[in-house]
Amino acid sequence: MPASRPTVPSGRRQGLGAKRPLAAAATAAALVAACAVPASAATGAEAAESTVSRGVTVPAFYNPPAELPSANGALIRTEPLPLGLSLPGLDGKPLPGTATRLMYKSTDSNGRPVAVTGAYIEPTADWKGGGPRPLVALASGTMGQGDQCAPSMALQHPLTLTGETVSVGYDNLAVYRLLSTGAAVVVTDYVGLGATDRLHTYVNRLDQGHALLDAVRAARAVPGASVTPDSRTGLYGYSQGGGASASAAELQPSYAPDVELAGSYVGAPPADLTEVMKGIDGSALAGALGWSINGFAQADPDLREVVEANVNATGRAALEDMSTMCVGDAILGYGFARSSRWTNGGESLAEVIAANPRAQAALDKQRIGTLEPAGPVRLATGVHDDIVPHDQARRLAVDWCRKGGNVTYEAVDLPNLGDKILTNHLAPLVADQGDAISWLTDRLSGRPAGSNCWTMPLQR
């Protein structure tokens, strides 16, 4: 089982399946543009500390130091981050802004210090709303589990396409649209995505909520940043990012009382992982099931014991292979796979976990909706979403409303675009993005939000 990933200062770490060529290998050379990650090995001093994941060099910047600061959100290191898509402005300033790569300290789900990477972008556009320039902490949607999939790397290389991995920085569009409003943006890479000391703990409620809140603290400390503790702060996330922003909104009062939230956008949140596991098993994004199992096996002994006892040799090889994949290679390699092929008894992984009370209890601890969210929240979910099921997302809105949360619920009603092929999950991301950013911009400008919880009995 891929339980941990220690930094390999002098080596070229590759996953079990990293040498397996993808179907795109024959055309990769022709398609890799200037914005794509170079697949060549690092040389000289950098080679002594860099790692390689599926043919992509992960810079030495992403190797955490042995000692971490004590304060959550404290900066560990920064460096300039060239944006892959940038234009010179008329006044000489780059559009849409100037980016800084970050490493900062957070606390993981076991209460231990952890280094998290990310990026801060200072926008060129002026903020025209009320008050000082605001800050949006953006939690990316699913990118994968390999370090080369990190959102901060996707800002520099929007397209990563080699013979071994495929990654697209699709959330860059939301980043750039937010920057165009004059708001600054900080992006978290989450725990273990980018940072080379461990596996990414995919959809871990505490890990991703902490990482997002600590990104706000880190952004305030970036040299030259115009945001301050007085800047209004918003959260933005869809899919995995929706779960992260939902978790952060719940955890803010206890974990980060200094990070007051003006508003949080929660799109297609995986609030109930038991239901989400059923949605992704056998879908185009079946690889995400492997990422969640890998992450929880690393962080939770109860789940790890069950996985080790029930996963067969085929499943172990698949989990190891997926641990270094991005979304593109997971779709190509494991699209529509059934987890029943990975277990000793032929049950799905969800059934294996449900049959073990300790494992199910560990998964239940990941449930979002047990706490009232801080500040106003806009929760959007596609009514035909069959990857992150609509019903469990709607239930989160109901749970929050019952706890007295200020919730704006939006059921995105689009035509059914095909079962289990991601279209019903991705279409609401695009269709709702403009409204989501407008809603969040209003909150950052100080305009109050009205809850529509009273309409929930009538909403789909």
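Residues numbered from 1 in each chain as written. Predicted model: local features only at pLDDT ≥ 70, side-chain atom pairs only at ≥ 80, totals over all residues. Heavy atoms only, no water.

Turning our attention to the overall build of the protein chain. Helix and strand content of the protein chain: 15 helices and 15 strands. Surface summary for the protein chain: the accessible area is close to 16,700 Å², and the carbon and sulfur share equals 56%. (Helix = DSSP H or I, 4+ residues; strand = E, 2+ residues; numbered from the N terminus. Areas by Shrake-Rupley, 256 points an atom, 1.4 Å probe, with all protein chains shown as cover.)

Time to look at the nonpolar core. In this structure, Tyr104, Tyr120, Leu135, Val186 and Leu213 are the most contacted members of the largest nonpolar core, which totals 43 residues. Every element with two or more residues in this core is listed here: β2 (56-58), β6 (97-107), β7 (113-123), β8 (135-139), α3 (151-156), β11 (184-188), α5 (205-220) and α6 (240-255). When residues of this core are assigned to their parent elements, the largest contribution, 7 residues, is made by α5. Setting aside residues up to four positions removed in sequence, Leu213 forms contacts with Ala248, Leu251, Gln252, Tyr255, Ala256 and Val259. If you look at the next biggest cluster of nonpolar residues, it comprises 37 residues, including Tyr202, Leu273, Ile293 and Tyr334. (Core = buried A, V, L, I, M, F, W, Y, C linked by side-chain atoms within 4.5 Å. Buried < 20%, exposed > 50% of the residue type's maximum accessible area, 1.4 Å probe, protein only. Contact = heavy atoms within 4.5 Å.)

A few words on the layout of surface pockets. Quantified by volume, the largest pocket comes out at close to 280 Å³. For the largest pocket, the lining is made up of 18 residues, of which Thr142, Tyr170, Val327, Leu422 and Leu426 are closest to its centre. Looking at the lining of the largest pocket, the elements with two or more residues in it are β10 (166-168), α11 (327-334) and α15 (423-444). Grouping the amino acids of the lining of the largest pocket by side-chain chemistry returns 11 nonpolar, 6 polar and 1 charged. (1 Å grid on protein atoms, 1.4 Å probe; cavity = no way out; pocket = protein on both sides within 12 Å on 5 of 7 lines; lining within 4 Å. Points joined across faces, edges and corners; volume = space filled by probe spheres on them. Nonpolar A, V, L, I, M, F, W, Y, C, P; charged D, E, K, R; others polar.)

Taken as a whole and assessed by the stated rule, the structure comprises 6 cavities of 30 Å³ or more. Its volume calculated, the largest cavity comes out at about 180 Å³. Those elements that provide at least two residues to the lining of the largest cavity are α7 (273-280), α8 (287-299) and α9 (301-310). Here the residues of the lining of the largest cavity sort into 17 nonpolar, 4 polar and no charged.

To continue, consider the state of the cysteines. Counted under the stated rule, the structure contains 2 disulfides. Here Cys401 engages in a disulfide with Cys453; their sulfurs sit 2.0 Å apart. Because the sign of the S-S torsion sets the handedness, a value of about -80° for the bond joining Cys401 and Cys453 places this disulfide among the left-handed ones. Separated by 52 residues along the polypeptide, Cys401 in helix α14 (residues 390-402) and Cys453 in the segment after α15 bring together distant segments of the chain. The cystine pairing of the protein chain, numbering bonded cysteines in sequence order, is 1-2, 3-4. (Disulfide = S-S within 2.5 Å.)

So, on to the environment of Trp127. Tracing the sequence through the fold places Trp127 in the loop between β7 and β8. Distance in space between the C-alpha atoms of Trp127 and Gly182 is 4.1 Å, their sequence separation being 55 residues. Among residues more than four places away in sequence, those in contact with Trp127 are Pro132, Arg133, Pro134, Thr181, Gly182, Ala183, Thr441, Leu444 and Ser445. Of note is the side chain of Trp127, whose polar atom sits 3.2 Å from the backbone oxygen of Gly129. Within the structure, Trp127 has its side chain in polar contact with the backbone oxygen of Gly130 (distance 3.2 Å). (Polar contact = N/O pair within 3.5 Å; in protein donor to acceptor, adjacent residues only side chain to side chain.)

Within a regular beta strand, the side chains point alternately toward one face of the sheet and then the other, so they alternate between its two faces. Of all 5 residues making up β11, 5 are buried, and the element is well covered by its neighbours. Residue alternation in β11 divides its side chains into two sets, Ala184, Val186 and Thr188 and Val185 and Val187, and both sets are buried. Sheet topology note: the β7/β11 ladder contains 4 bridges and is antiparallel. When the sheet's bridge partners are listed, Tyr120 is paired in β11 with Val186. When β8 meets β11, the two strands line up parallel, connected through 5 bridges. Its bridge partner being in β11, Val136 is matched across the sheet by Val185. (Pairing = 2+ DSSP bridges.)

An ideal rise of 1.5 Å per residue puts 18 Å on 13 residues; α14 measures up with 19 Å between its terminal C-alpha atoms. Among the residues making up α14, those that are buried are His390, Gln392, Ala393, Leu396, Ala397, Val398, Asp399, Trp400 and Cys401. The inward-facing, buried residues of α14 abut α6, β13 (261-267), α7, β14 (377-382) and β15 (407-412). Positive phi appears at Gly404, one or two residues downstream of α14, with a value of about 90°. (Expected span 1.5 Å × (residues − 1).)

Scanning all chains against the criterion turns up 17 salt bridges. In this structure, the salt-bridge partner of Asp108 is Arg198, at a minimum N-O distance of 3.1 Å. With Asp108 in the loop between β6 and β7 and Arg198 in the loop between β11 and α5, the pair connects residues that are 90 residues apart, well separated along the chain. A salt bridge links Glu122 to Arg133; the nearest nitrogen and oxygen atoms lie 3.5 Å apart. (Salt bridge = Lys/Arg side-chain N within 4 Å of Asp/Glu carboxyl O.)

Scanning the entire structure with this criterion turns up 4 aromatic pairs. Each ring, one from Tyr334 and one from Trp342, has its centre 6.4 Å from the other, and the planes form 80°; the classification is edge-to-face. By relative accessible area, Tyr334 is classed as buried at 12%. A relative accessible area of 2% places Trp342 in the buried class. Cation over ring: Arg217 sits above Tyr255, and NZ or CZ is 5.5 Å from the ring centre. (Phe/Tyr/Trp six-rings, centres within 6.5 Å; stacked < 30°, edge-to-face > 60°. Lys NZ or Arg CZ within 6 Å of the ring centre and 35° of its normal.)

Right, let's talk about the side chain of Thr201 for a bit. Topologically, Thr201 is positioned in the loop between β11 and α5. Thr201 gets classed as buried once you look at its relative accessible area, which sits at 4%. Excluding residues that lie within four positions of it along the chain, Thr201 makes contacts with Val191, Asp207, Gly295 and Gln298.

Below, the discussion takes up the sheet that holds β7. Ordered in space as β3-β6-β7-β11-β8-β12-β13-β14-β15, the 9 strands form an open sheet in which the pairing is mixed. Looking at the sheet topology across the chains shown, the edges are occupied by β3 (75-81) and β15. Taken pair by pair, the neighbouring strands of this sheet meet at an average axis angle of 20°, ignoring direction. Relative to strand β12 (residues 233-238), β8 runs parallel, the two being bridged by 5 bridges. Opposite Leu138, over in β12, you have Tyr236 as the bridge partner. Against the sheet, helix α4 (residues 172-180) contacts β7, β8, β11 and β12, and its axis sits at roughly 155° relative to β11. Along the sheet, α14 contacts β13, β14 and β15; its crossing angle with β14, the most-contacted strand, is approximately 160°. (Axes fitted to C-alpha atoms, helices over the stretch in contact; angles between N-to-C directions.)

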